[in-house]
Amino acid sequence: MAIDAPPSPSAQPWSDRLRHSTIILIAAALALSVVVSLGELSVVRAVTVFLCIAAAALIPWRLHDTAASRDDVRRINPVESAAVAAVVAGMPDPAVLLDRAGRVIHLNAAAAQLAPALRKNELAQFALRSPEIITALREAIATTEPRRAAYLDHVPVDRWMELIITPVPVPTSFGGADKCMLMTFHDQTPLRRVEEMRADFVANASHELRTPLAALSGFIDTLQGQAKDDPKARERFLGIMHNQATRMARLIDDLLSLSRVELSAHVRPDTLVDLAPIIRQVADGLEPLARERQVDVETHLPETAVMIAGDREELLRLFENLIENALKYGASGGRVIVSLNMTPAADGTQEIRVFVRDFGPGIAPEHLPRLTERFYRVDVGDSRSQGGTGLGLSLVKHILNRHRGRLLIESVPKQGATFTACFPQAKTSVLV
C-alpha cells in the first residue's frame, strides 16, 4: 500500500492561494485607498505597493517548510521505526528492545504476556522484579557487553527461564551510532522437567520395584528347587508371580503418566471438553469393579454441557483414579456418589466441582495433608493388596495443577471420605 506524501505549497492551485490570502489583500487595498484619499501617496505608488503585497502573499515560499521537515526528520529515531517494531514483533520468543537508559522501545506479544507490567517508554527494571534480571540488565547497560541470567519464575506456575541480553548497534538521527539492548527470554522448563523426570523415575522405580523383583526372584528359585515337582505349589507361586508382575507394570505405567503430566505442567490445556460425558464413561468402565465389590455407583450429572479447558485423556485418568479409589477403599459403605455442580470461587468467578464420595471407614486427620505425596499410603499392606501403587492421588494433584485446578479432601473416620476436583470455568461455558 503506497502512502501519499502531503502536497507541497508549490503544488497548490492558484485559486487556493488566492482564497487563503483574501483577507491580507483586502486589508492592504483598504489601507492603501485611505492613504491615497488623504493625499499621502500617489495612485501609481499605491498600485505598486499593492502588487508587491499580492506577490508576497501568493508566491509559495518553501524555506519555512524545508526547515520544519528537517526538524521532523531529526525527531524520528531510526530505532523507533515500524520496520524495527515488526522485526521484534516477529520473534518467536519473548523479546524486548531497550535504549541505553533501559527504557522499553519495542516489545512483542510474548514478552507482554510474560511480563504484563512492561510499558513502552518506561524503565524495564521496574516491571521485571527478578534480582537476576536487574543485575544482568545493569551490567549490560554499563559495559555494553552481552549478559546471560537464569531465574525461576513462580507465576502462574514454576518455570525456569534464561535471559540473554545482546547489545545491538543502531544508527542515530545524526549519522552516528549507538547501542540498544535486545532482551530475549527462553523457556528452559521442558529441559529441566526432562532432567527431573529422568532422575525421579530412576529413584522411584528402583525403590518401588525392588520388592516385587525380590519376590519374583525368590519364587523362581523356589520353583527351580523344592517346588519343581509340586503342581499345587507351582500353580500358587505362578499366581503370586503374575500379581507381582502386574503390580510392576501398573507402577511403571503410573510413573510414566506422572512424568508426562509434570513435563507439561507449565502448559495449560486450551481445548474445550465436556466433563459430564467423561465422568459417565469412567463410571461405566468401572462398573465390573463396582459389581465385584458390591458397591452401587450413583452419578448426579447435568444434562447440559459443562465445558472446561482441559486434556481429555488426563481427565479420564483423573476421574478413574478418584472413583476407583472410592470403590476399593470405601467398599464397606456399599455406595459411591459422583456429582457435579457450580460453586462461586473466592475471586467472584464460578468454579466447577466434581465430588466423589464414599461411605467407607474414612481417613484419619493426620493422614490428610500427605495423601497426595508420592508413594504415601495410609495402610501400606491394604494398599498393596488392592493393587495400589501409591501414585494415584499424586497423579490427580498434578493433573489438576496443570488445569489450574485444586483438590479438596474431606473425611471423618467411620463416615467416609469426599474427594473434590475443582476446575476454573471456561470463559465460553454456560451451565444451565
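Keep in mind it's a predicted model, so treat the numbers as computed, not measured.

Observations concerning the overall build of the chain
Of the regular secondary structure elements, the chain holds 14 helices and 12 strands. Each of the 432 residues in the chain was classed as buried or not, and the buried ones make up 38%. Accessible surface, the chain: about 24900 Å² in total, of which carbon and sulfur atoms supply 58%.

Re the pattern of salt bridges
Side chains that carry opposite charge are capable of pairing whenever their charged atoms lie near each other. Taken as a whole, this structure holds 13 salt bridges when the rule is applied. A salt bridge links Arg159 to Asp153, with the nearest nitrogen and oxygen atoms 3.6 Å apart. For Arg159, a relative accessible area of 18% puts it in the buried group. The class for Asp153 is buried, based on a relative accessible area of 17%. Between Arg335 and Glu298 there is a salt bridge; the shortest N-O distance is 3.0 Å.

A look at the pairing of strand S4 (residues 159-171)
Relative to S4, strand S3 (residues 147-153) runs antiparallel, the two being bridged by seven bridges. Looking across to S4, one finds that Ala149 is bridged to Leu163. Examined bridge by bridge, S4 and strand S5 (residues 177-187) share 11 bridges and lie antiparallel to one another. Directly across from Pro171, in S5, lies its bridge partner Ala177.

Notes on the sheet that holds strand S10 (residues 350-358)
Within a beta sheet, neighbouring strands are joined by backbone hydrogen bonds and run either parallel or antiparallel to one another. One open sheet holds the five strands; their spatial order is S7-S9-S10-S12-S11, and the pairing between them is mixed. Each end of this open sheet is capped by a strand with a single partner; those strands are strand S7 (296-300) and strand S11 (406-411). Geometrically, the sheet is characterised by an average inter-axis angle of 20° between neighbouring strands, direction not taken into account. Note that S11 and strand S12 (residues 417-424) share six bridges and pair antiparallel. Paired with Leu408 across the strands is Thr420, a residue of S12. Strand contacts of helix H14 (residues 392-402): S11 and S12, with the helix running at about 20° to S12, the strand carrying the most contacts.

Quick word on the sheet that holds S5
Taken in spatial order, the five strands of this open sheet run S2-S1-S5-S4-S3, and their pairing is antiparallel. The open sheet has two edge strands with one neighbour each: strand S2 (104-107) and S3. Ignoring which end each strand starts from, the neighbouring axes of this sheet average 25° apart. Those strands touched by helix H5 (residues 82-89) are strand S1 (95-98) and S2, and its axis lies near 55° from that of S2. Strands S1, S3, S4 and S5 of the sheet are contacted by helix H7 (residues 131-143), whose axis makes an angle of about 165° with S3.

Points about the environment of Ala177
Mapped onto the fold, Ala177 is located in strand S5. Once you skip the residues sitting within four places of it in the chain, Ala177 turns out to touch Val170, Pro171 and Thr172.

Thoughts on the side chain of Arg159
The residue Arg159 is located in strand S4 in this model. Not counting residues up to four positions away in its chain, the partners in contact with Arg159 are Leu114, Tyr151, Leu152, Asp153, Asp187, Thr189 and His266.

With respect to the packing of helix H9 (residues 231-263) against H14
The contact between H9 and H14 brings their axes to 9 Å, and the two run at 20°. Here H14 runs roughly parallel to H9, going by the angle between their axes. Taken as a pair, H9 and H14 cross one another with a handedness that is left-handed. Between H9, through Ser257, Leu258, Val261 and Glu262, and H14, the contact on the second element is made entirely by Ser394, Leu395, His398 and Ile399. Of the residues that constitute the contact of H9 with H14, the class distribution is four nonpolar, three polar and one charged.

Some details on the nonpolar core
For soluble globular proteins, nonpolar side chains are generally found buried alongside one another. Membership of the largest hydrophobic core comes to 55 residues, with the highest contact counts inside it found for Leu275, Leu318, Phe319 and Phe423. Those residues in contact with Leu275, other than ones at most four positions away along the chain, are Val306, Ile308, Leu315, Phe319, Leu340, Ile352, Val354 and Phe423. Ala136, Ile141, Ile165 and Met181 belong to the second-largest nonpolar core, a separate cluster that totals 23 residues.

A closer look at the environment of Ser259
Note that Ser259 resides in helix H9. Judged by its relative accessible area of 8%, Ser259 is buried.

Quick notes on the packing of aromatic side chains
Under the criterion given, the structure shown has two aromatic pairs. Ring geometry for Phe319 versus Phe423: centroids 6.2 Å apart, planes at 55°, classification tilted. With Phe319 in helix H12 (residues 312-329) and Phe423 in strand S12, this residue pair connects regions lying 104 residues apart in the sequence. Residue Phe319 is classed as buried on the basis of its relative accessible area, which comes to 0%. The buried category is assigned to Phe423, whose relative accessible area is 0%.

Points about the confidence of the model for the chain
Any region with low pLDDT has predicted coordinates that should not be read closely. Averaged over every residue, the pLDDT of the chain is 80; residues scoring 70 or more account for 83%. Note on residues 1-12: pLDDT under 50 across the span, and eight contacts to partners over four residues away in sequence or across chains. Low pLDDT (under 50) marks residues 63-71, which in the prediction has one contact with non-local residues, meaning those over four places away or in another chain.

Cut-offs applied
Residues numbered from 1 in each chain as written. Predicted model: local features only at pLDDT ≥ 70, side-chain atom pairs only at ≥ 80, totals over all residues. Heavy atoms only, no water. Helix = DSSP H or I, 4+ residues; strand = E, 2+ residues; numbered from the N terminus. Buried < 20%, exposed > 50% of the residue type's maximum accessible area, 1.4 Å probe, protein only. Areas by Shrake-Rupley, 256 points an atom, 1.4 Å probe, with all protein chains shown as cover. Salt bridge = Lys/Arg side-chain N within 4 Å of Asp/Glu carboxyl O. Pairing = 2+ DSSP bridges. Axes fitted to C-alpha atoms, helices over the stretch in contact; angles between N-to-C directions. Contact = heavy atoms within 4.5 Å. Parallel < 35°, antiparallel > 145°, perpendicular 65-115°, else oblique. Left-handed = near helix turned anticlockwise from the far one by under 90°. Nonpolar A, V, L, I, M, F, W, Y, C, P; charged D, E, K, R; others polar. Core = buried A, V, L, I, M, F, W, Y, C linked by side-chain atoms within 4.5 Å. Phe/Tyr/Trp six-rings, centres within 6.5 Å; stacked < 30°, edge-to-face > 60°. pLDDT = per-residue confidence, 0-100.

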